[in-house]
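# Structural overview for review
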Amino acid sequence: MLDIQRIRKHPDEVKQAMKAKGETETEVVDLVIEADEKWRVTVHELDLLRKESNARAKEIGTLMGQGKKEEAQEVIRQTGEMKQKIKELETREREQLALRDEMLLKIPNAAHESVPVTTDESGNQTVHTWGTPAGMGEDGSAAAPDGFKPHWELVAAGGWIDFERGSKVTAAGFPFYSGPVARLQRGLIQFFIDKAVDKGYLELMAPYFVNEDSARGTGQIPDKEDMMYVVPRDGYFIIPTAEVPVTNYHRGEVLNAASLPLKYVCYTPCWRREAGSYGSDVRGLNRLHQFDKVELVKLVTPESSYNELESLRRDAEELLEALELPYRTLLMGTADMGFTQSKKYDLEVWSPGQQRWLEVSSCSNFEDYQARRMKIRHKNESGNIEILHTLNGSGLALPRVMAAFLETHQQQDGSLAIPEALQPWLRADKLAL
């Protein structure tokens with residue numbers, strides 16, 4: 001969440017930042033300021049009453065020592081009333097703080113000054129491209145496919161991705177993988193993890209269920225409740241991304257500056273309800289309810305976070321280059337960047353069988369927005385405690401990478417060519433489909 005001092009000092013700027021992200025109910029800023037003022041008045045009243053109560057309590061011993069028992073009894077009565085009043089004020093203070101913080105959660109993160117202010121996805125900026133997309137026209141538009149089949153046709157004969165049996169066992173969006181595609185999936189996951197470890201990321205294995213505090217900490221609630229599967233009986237959320245457990249790993253801790261940056265890589269299956277998704281965008285592997293993803297998470301000092309975002313982005317881009325998959329990197333505008341991010345890049349890989357771009361990674365800087373919720377702090381070089389910055393990115397998400405990989409490296413003989421960089425993980429230069 002945003003720093004309350006920032007909201008107090010610059011309410012109009014916060015409202016403008018909300019509007020840039022498409023949030024129209026900016027009156028919550030005024031309500032937060034009002035609630036904060038009430039809370040601060042109560043805190044001040046409580047502090048004064050505690051000081052007065054402590055001072056009067058010290059009088060009791062003095063009066064008793066002077067033999068003034070009646071006066072001492074009167075002070076005891078007065079301090080008893082004060083203690084009762086203190087309890088009432090403490091209850092009010094807790095309730096007022098909880099109300100203020102609940103409203104704070106409804107204010108999105110402000111976009112960084114380098115982010116374009118947009119009204120829809122057309123304002124997103126292409127900042128980097130790599131490779132030559134097969135079948136794309138010279139003007140950048142999709143052309144007729146030149147012998148490239150979509151991935152769902154490539155795996156149909158062998159049944160290597162079985163959507164029908166997955167639907168029978170669970171529901172649509174929960175496919176089975178088998179044979180060479182299962183092997184490829186496993187190899188890609190290991191490849192992504194190992195490459196991250198080579199770059200200094202520490203591998204974690206994380207829980208797949210999280211509690212409400214964890215979901216709130218990374219911003220899944222109150223913004224994305226409808227996207228998550230829940231276990232009502234136990235009060236758990238099934239993770240939509242490893243970002244949630246990994247970023248919460250240090251929740252409530254004070255880290256030493258010397259330990260930063262902390263860089264983690266974590267593979268997990270992920271679950272998303274994807275409520276309301278339909279049409280061509282969900283065919284095949286384009287949008288699943290259960291999928292595999294390797295996540296990259298960074299905890300960094302505020303002054304380094306935007307350099308760390310650029311290196312995070314390159315860590316994800318280099319994976320696509322190693323897989324020989326043409327891609328583009330988009331700087332997302334305010335209208336298309338999400339509630340919690342201050343700056344976000346999306347990596348989109350080219351799908352020659354579908355003649356379209358598929359998002360495979362989002363690399364985001366949240367500044368102190370998540371860490372403030374989770375109270376993740378660090379002691380800086382001056383010895384002061386301050387909130388650190390959090391970042392994360394997919395490195396990479398498997399379903400659309402798999403789709404583009406199958407379509408890009410399909411061969412006329414029905415086999416699948418394996419790029420040289422991936423061959424040590426699959427121990428093969430070809431897979432038979």
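Not measured: the values here are computed from a predicted model. (Residues numbered from 1 in each chain as written. Predicted model: local features only at pLDDT ≥ 70, side-chain atom pairs only at ≥ 80, totals over all residues. Heavy atoms only, no water.)

### Here's the deal with the packing of helix α2 (residues 11-20) against helix α3 (residues 27-65)
Running from N to C, α2 and α3 cross one another at 145°; their axes reach a closest spacing of 9 Å. Every pair of crossing elements has a handedness; the one defined by α2 and α3 is right-handed. Taken together, the residues of α3 that come into contact with α2 (itself represented by Pro11, Val14, Lys15 and Met18) are Val28, Val29, Asp30 and Ile33. Of the residues in the contact of α2 with α3, the class split is 6 nonpolar, no polar and 2 charged. (Axes fitted to C-alpha atoms, helices over the stretch in contact; angles between N-to-C directions. Helix = DSSP H or I, 4+ residues; strand = E, 2+ residues; numbered from the N terminus. Left-handed = near helix turned anticlockwise from the far one by under 90°. Contact = heavy atoms within 4.5 Å. Nonpolar A, V, L, I, M, F, W, Y, C, P; charged D, E, K, R; others polar.)

### A few points about the sheet that holds strand β6 (residues 229-231)
The 3 strands are arranged β5-β7-β6 in an open sheet whose pairing can be described as antiparallel. Because the sheet does not close on itself, it has two edges, and the strands there are β5 (209-210) and β6. Sheet topology note: the β5/strand β7 (residues 236-238) ladder contains 2 bridges and is antiparallel. If you follow Val210 over to β7, its bridge partner there is Phe237. (Pairing = 2+ DSSP bridges.)

### A short note on the packing of aromatic side chains
Per the counting criterion, the structure on display carries 8 aromatic pairs. With 5.9 Å between their ring centres and 55° between their planes, Phe191 and Phe192 make a pair best called tilted. Ring geometry for Trp350 versus Trp357: centroids 5.1 Å apart, planes at 70°, classification edge-to-face. The ring of Trp39 carries Arg100 above its face, with NZ or CZ at 4.9 Å from the centroid. It is Arg313 that lies over the ring of Tyr345; its NZ or CZ is 4.8 Å from the centre. (Phe/Tyr/Trp six-rings, centres within 6.5 Å; stacked < 30°, edge-to-face > 60°. Lys NZ or Arg CZ within 6 Å of the ring centre and 35° of its normal.)

Any link to function would need more than the numbers given here.
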